[in-house]
Amino acid sequence: MTVVNEPSPHPATEAPAEPLLDVRDLHVEFRLRDGVSQAVNGVSYAVRAGETLAVLGESGSGKSVTAQAIMGILDSPPGYVTAGQVRFQGRDLLTLGREERRKVRGAQMAMIFQDALSALNPVVSVGAQLGEMFEVHRGLSRKAARQRAIELMDRVRIPAAAQRVGDYPHQFSGGMRQRIMIAMAMALEPALIIADEPTTALDVTVQAQVMELLAELRRELDMGLILITHDLGVVADVADTIAVMYAGRIVENAPVHDLYRAPAHPYTRGLLDSIPRLDQKGQELYAIKGLPPNLMHIPPGCPFHPRCPRARDVCRVDRPPLYEVTDPGSVADAGGVGGGGRTSACHFWEETLDDE
Amino acid sequence: MPEPPHGPGQGPAHGLPPDPHTAVAPTGGPALDLASSEAQTLEGGQPPGGPGPEARVGSLWSDAWRDLRRNPVFIISALIILFLIVIAIWPSLIASGSPYKANLAKAQEGAEPGHPFGYDVQGRDLYTRVVYGARASIVVGVCATAGAALLGSLLGGLAGFFGGWGDAVLSRVADIFFGIPIVLGGLVFLSVITSGSVWPVVGFIVLLGWPQISRIARGSVVTAKQNDYVQAARALGASNGRLLLRHIAPNAVAPVIVVATIALGTYISLEATLSYLGVGLKPPTVSWGIDISAASTHIRNAPHMLLWPAGALSITVLAFIMLGDAVRDALDPKLR
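Parameters and conventions
Residues numbered from 1 in each chain as written. Chains lettered and ligands numbered in written order. Predicted model: local features only at pLDDT ≥ 70, side-chain atom pairs only at ≥ 80, totals over all residues. Helix = DSSP H or I, 4+ residues; strand = E, 2+ residues; numbered from the N terminus. Buried ≥ 20, exposed ≤ 12 C-beta atoms within 10 Å, placed from the backbone. Contact = placed C-beta atoms within 7 Å. Axes fitted to C-alpha atoms, helices over the stretch in contact; angles between N-to-C directions. Parallel < 35°, antiparallel > 145°, perpendicular 65-115°, else oblique. Left-handed = near helix turned anticlockwise from the far one by under 90°. Nonpolar A, V, L, I, M, F, W, Y, C, P; charged D, E, K, R; others polar. Pairing = 2+ DSSP bridges. Core = buried A, V, L, I, M, F, W, Y, C linked by C-beta atoms within 7 Å. Domains from an automatic or database assignment. pLDDT = per-residue confidence, 0-100.

(A) View of the overall build of chain B. Tallying secondary structure elements over chain B gives 12 helices and zero strands in all. Reading the helices (α) and strands (β) of chain B from amino to carboxyl end gives α-α-α-α-α-α-α-α-α-α-α-α. Looking at the 336 residues of chain B, the share that counts as buried comes to 39%. When contacts within chain B are restricted to residue pairs at least 6 apart in sequence, those whose partners lie at least 24 apart make up 72%.

Rendered as structure tokens:
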């Protein structure tokens, strides 16, 4: 995968095909009563068909807002996209009219929400909600749509789908509800699915099943998948690439195995170190000190510097660009000469990379 | 994101059988393709489009109707209302005499054979007058409520959904109407109309009643709009009209129904108040309100004159409130 750092042409060596989704230098701000909150400050990432991009970050790092801006469901006011491009299948979505964008939603790109109980309409049966996709976008009759709904429920392995199609969301368990959300999102076989913390509200065993289902459907339909999460355990198995966000910016972008093996940004390292590990039983669990910055007053320089164990003077004044990372340990970057698709927004990424 | 107004703990309740489907699904099964899912469908004995799924699935309203038919509160109140409507249309079915025929010799006398409710102050048969009075009260109550509810929920719903300056203008206009004292307003508006029929009264009540409904409708649409499922439906490509009609309206309608049924009772008694003041219905129109106000000055020597029309009014109001309650419960699938 190519990391599109700034709005720049793709390297000639890459396949000429444009990525499915190419977000370039996206800026989103919220104009609130007590000031302007800079939620997204120049995010760029790309997803190709059949690929999974995991977007990691703490609450408030801008991952969900980026997704909403891509989908075009940002509440406006107060949220506004102030700059950037969202190129999807070769078109810049931000320049499309409202009605055109609505037709893209659901049919070409769909979204899975965190809490299926609140994301499903409590007074509409699940069959009717699933069928609605076909009624809205395909003009099917209600009866035909219901038949498709049963097929979809079968497809996401809801037992006895034909009997349960008339049930209401609250009559399903959490895992089943999330399957229904997934079924709704993939109903029209979109090219891209954005899953916003799809497993956060589920218990661990069900999490694994839902992730497995999602990965399976992605393979089958050759969809692009953006997986937004703050759970590092979830992404390791399913993601191809990881983008780590902090204070509305991408701070590191790397193939999943490279990132886990040797993070190139102190924030990523902090996240990895704060995973509880069985072989360190009895020791105090590591935590990144401090709090994420107030998005109305993002610190100058590197936004992570107040919390960074590596911070030096330059970090307080100079905002690091996304450096290309040369990583000799990476499979994609065999010679250690770059081109492995890794970037890091840290002045001292080399030290961080070598650090053990 | 705001939390949903309900907790997840209300799960499978109310007579649902123990549900095997909520158990976790088997994983690691055969590859997920449509062929195998079709095979499962056939094994389950459910031919596509068969009666099984069709029988279970209905719209919100048909499910609510199935629920209502089994609800005794609904049946009782609906029967009362049906009865009232029938006698409002054909009062001569159960009252043979004329509501105007007066026999002053019998003024204020109590019940006697053939005249179960007694006589009013002018010696007219009270039973006949109560039966004939249903029409005015029902017409005023139902039409005024329907008008106020439709106008109020339409304006309030649109204002709540779209917001912006339209919302601001509408809310201020509603505030102005809200600020008009209803009795004083009635004296001013209705004193210029001399017809004494029900329609000016209905129009006046709608004019002053819609802001109450529109406030409720606006508030509940604003609440429903913020729910995740509205955002989710938008993310899946639903248009504004579909969002409003299919996702927001059913979730916002319950408070409107409750307030409207309570308002219906108020409107019927408001008609009585206005008639008492001489600006509402006027004789020769027969209404409970007119009879109640006529009886109120004789309450000590002839309480039956007040009792019967007031009782009819109370039962009517109660029936509509019970009906509203039952409908509201039926529209909430979580209570099923």
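(B) Expanded view of the overall build of chain A. When helices and strands are tallied, chain A shows 13 helices and 12 strands. Looking at chain A as a whole, 54% of its 356 residues qualify as buried. In chain A, of all internal contacts separated by at least 6 residues, the share reaching a separation of at least 24 is 64%.

(C) Structural view of the environment of G133(B). All names here are of chain B. Structurally, G133 can be placed in helix 5 (residues 126-162). In this structure G133 comes out as buried when scored by C-beta crowding, with 28 C-beta atoms within 10 Å. Separated by 46 residues in the primary sequence, G133 and I87 have C-alpha atoms spaced 9.5 Å apart. Aside from chain neighbours lying at most four places away, what touches G133 is V286, S287, W288, D291 and P309.

(D) Representation of the packing of helix 4 (residues 126-138) of chain A against helix 5 (residues 142-155) of chain A. All names here are of chain A. Relative orientation of the contacting elements helix 4 and helix 5 amounts to 115°, with a least axis distance of 8 Å. Classed by the angle they form, the pair helix 4 and helix 5 counts as roughly perpendicular. Of the two elements, helix 4 crosses helix 5, and the hand of that crossing is right-handed. Contacts from G127, L130, G131, F134 and E135 of helix 4 reach helix 5 at R142, A145, R146, R148, A149, L152 and M153. Classifying every residue of the contact of helix 4 with helix 5 gives six nonpolar, two polar and four charged.

(E) Up close: the sheet that holds strand 4 (residues 79-88) of chain A. Residues and elements named next belong to chain A. Strands sit in the order 2-1-4-5 across an open sheet of four strands; the sheet is antiparallel. This sheet does not close on itself; its edge strands, each paired only once, are strand 2 (35-47) and strand 5 (91-92). In terms of strand pairing, strand 4 meets strand 5 through two bridges, oriented antiparallel. In the sheet register, F88 faces strand 5, and the bridge partner there is R91.

(F) The arrangement of the sheet that holds strand 8 (residues 224-229) of chain A in detail. Residue and element names in this part refer to chain A. With respect to topology, eight strands assemble into an open sheet ordered 6-7-8-3-9-10-12-11, the strand pairing being mixed. Each edge of the sheet is formed by a strand with only one pairing partner; in this case those strands are strand 6 (109-112) and strand 11 (323-324). Pairing analysis gives six bridges linking strand 9 (residues 241-246) to strand 10 (residues 249-255), with the strands arranged antiparallel. The residue of strand 10 that forms the bridge with V244 is E252. Strands in contact with helix 1 (residues 63-71) are strand 3 (52-56), strand 6, strand 7 (192-196), strand 8 and strand 9; relative to strand 7, the strand with the most contacts, it is inclined by about 150°. Those strands touched by helix 7 (residues 174-186) are strand 6 and strand 7, and its axis lies near 170° from that of strand 6.

(G) Quick peek at the nonpolar core. Counting 181 residues, the largest nonpolar core has M153(A), M181(A), A183(A), I193(A), I194(A), L227(A) and I205(B) as its most contacted members. Considering each element in turn, this core owes the most residues, 15 residues, to helix 10 (residues 240-276) of chain B. Domain assignment of the residues forming this core places at least three in each of domain 1 (47-72 + 99-108 + 191-354) and domain 2 (116-189) of chain A. With near-sequence residues (within four places) excluded, I194(A) lies in contact with A67(A), I70(A), M71(A), M109(A), M111(A), I226(A) and I228(A).

(H) How the structure looks around the packing of helix 8 (residues 198-225) of chain B against helix 10 of chain B. Residues and elements named next belong to chain B. Contact geometry for helix 8 and helix 10: axes closest at 9 Å, N-to-C directions at 155°. The orientation of helix 8 relative to helix 10 falls into the category roughly antiparallel. The interaxial crossing formed by helix 8 with helix 10 has right-handed handedness. Within the contact between the two elements, helix 8 uses V201, I205, G209, Q212, I213, I216, A217, S220, V221, A224 and K225 and helix 10 uses I248, N251, A252, P255, V256, V259, A260, A263, Y267, L270, E271 and L274. Partitioning the contact of helix 8 with helix 10 into residue classes produces 17 nonpolar, four polar and two charged.

(I) Up close: helix 11 (residues 266-273) of chain A. When helix 11 of chain A is considered as a whole, its buried residues turn out to be P266(A), Y267(A), T268(A), R269(A) and L271(A). Next to the buried residues of helix 11 of chain A lie strand 3, helix 9 (232-238), strand 9, strand 10, helix 10 (256-261) and helix 13 (349-354) of chain A.

(J) A look at the pairing of strand 10 of chain A. All names here are of chain A. When you tally the buried positions in strand 10, you get seven out of seven residues, the bulk of the element. Counting the residues that bridge the hairpin from strand 9 to strand 10 gives two residues, and of these A247 lies at a positive phi of roughly 50°. Summarising the sheet, strand 10 and strand 12 (residues 343-344) pair through two bridges and their orientation is antiparallel. Across the sheet, residue N253 finds its bridge partner in strand 12, namely T343.

(K) Seen up close, helix 1 of chain A. Residues and elements named next belong to chain A. Buried residues dominate helix 1, accounting for eight of its nine residues. Turning to helix 1, its buried residues number three or more, namely K63, S64, V65, T66, Q68, A69, I70 and M71. Two residues or fewer past helix 1, G72 is found with a positive phi of approximately 80°.

(L) Quick peek at unusual backbone geometry. Residues and elements named next belong to chain A. If you check the backbone angles, Q89 has positive phi at about 50° while not being a glycine. Following the sequence through the fold, Q89 ends up in the loop between strand 4 and strand 5. Positive phi, normally seen in glycine, also occurs at R157, with a value near 60°. For R157, the position within the fold is in the loop between helix 5 and helix 6 (161-164).

(M) Expanded view of the confidence of the model for chain B. Mean pLDDT over chain B: 76, with 81% of residues reaching 70 or higher. Here residues 1-57 of chain B is a poorly scored stretch, pLDDT under 50, and it has 63 contacts once near neighbours within four places are set aside; other chains count.

(N) View of the pairing of strand 4 of chain A. Note: strand 1 (residues 21-32) of chain A against strand 4 of chain A, eight bridges, orientation antiparallel. Bridging from a neighbouring strand, E29(A) pairs with Y80(A) of strand 4 of chain A.

(O) Region of interest: the environment of R307(A). Residues and elements named next belong to chain A. Mapped onto the secondary structure, R307 falls in the loop between helix 11 and helix 12 (313-317). C-alpha separation for the pair R307 and P293, spaced 14 residues apart in sequence, amounts to 9.6 Å. With near-sequence residues (within four places) excluded, R307 lies in contact with I288, K289 and G290.

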